[in-house]
Amino acid sequence: QELCVCDIVEIMKMTQPNVSQHLRKLKSGGIVKEKKRGQWVYYSLNLEKPNVLTALEHVPSQKSRIEQSQKLKTIEC
């Protein structure tokens, strides 16, 4: 799914500059893609690149953190 930097900051418990730097590197490597909507930029995995799916098999799941972040966002809105 697509996430903005602020969502990723919350999920990963990292600073915004740190997340942005990592996303910039992942984008330049073709691992993530970005979509601009107004002032916001949303990032998602580039699943069209075959190595991304293979790499994901070795990355710990962040599903529970993502779900928790989405619940908090729904409550705040």
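For the structure given in this document, a descriptive report is provided here. Nothing here was measured: the structure is a model prediction, and the numbers come from that model.

By size, the foremost hydrophobic cluster in this structure holds 8 residues: L3, V5, I8, I11, V19, L23, V32 and Y43. Among the elements that line this core, the one with the most residues is helix α1 (residues 5-12), at 3 residues. Here I8 is in contact with L3, K13, V19 and L23, once residues within four sequence places are set aside.

We now examine the sheet that holds strand β1 (residues 3-4). The sheet built from 3 strands is open, its strands ordered β1-β3-β2 with antiparallel pairing. Since the sheet does not close on itself, it has two edges, and those belong to β1 and β2 (32-37), each with one partner. Strand direction decides the pairing type here: β2 and strand β3 (residues 40-45), joined by 6 bridges, are antiparallel. Each residue of the ladder has a partner; that of V32, found in β3, is L45.

Within α1, burial applies to V5, D7, I8 and I11. Take α1 and look down its axis: the buried residues cluster within an arc of 155°, on one side only. One or two positions beyond α1, positive phi appears at K13, with a value near 55°.

Calculation rules
Residues numbered from 1 in each chain as written. Predicted model: local features only at pLDDT ≥ 70, side-chain atom pairs only at ≥ 80, totals over all residues. Heavy atoms only, no water. Core = buried A, V, L, I, M, F, W, Y, C linked by side-chain atoms within 4.5 Å. Buried < 20%, exposed > 50% of the residue type's maximum accessible area, 1.4 Å probe, protein only. Helix = DSSP H or I, 4+ residues; strand = E, 2+ residues; numbered from the N terminus. Contact = heavy atoms within 4.5 Å. Pairing = 2+ DSSP bridges. Arc of directions from axis to C-beta.

Honestly, it's all geometry; don't read function into it.
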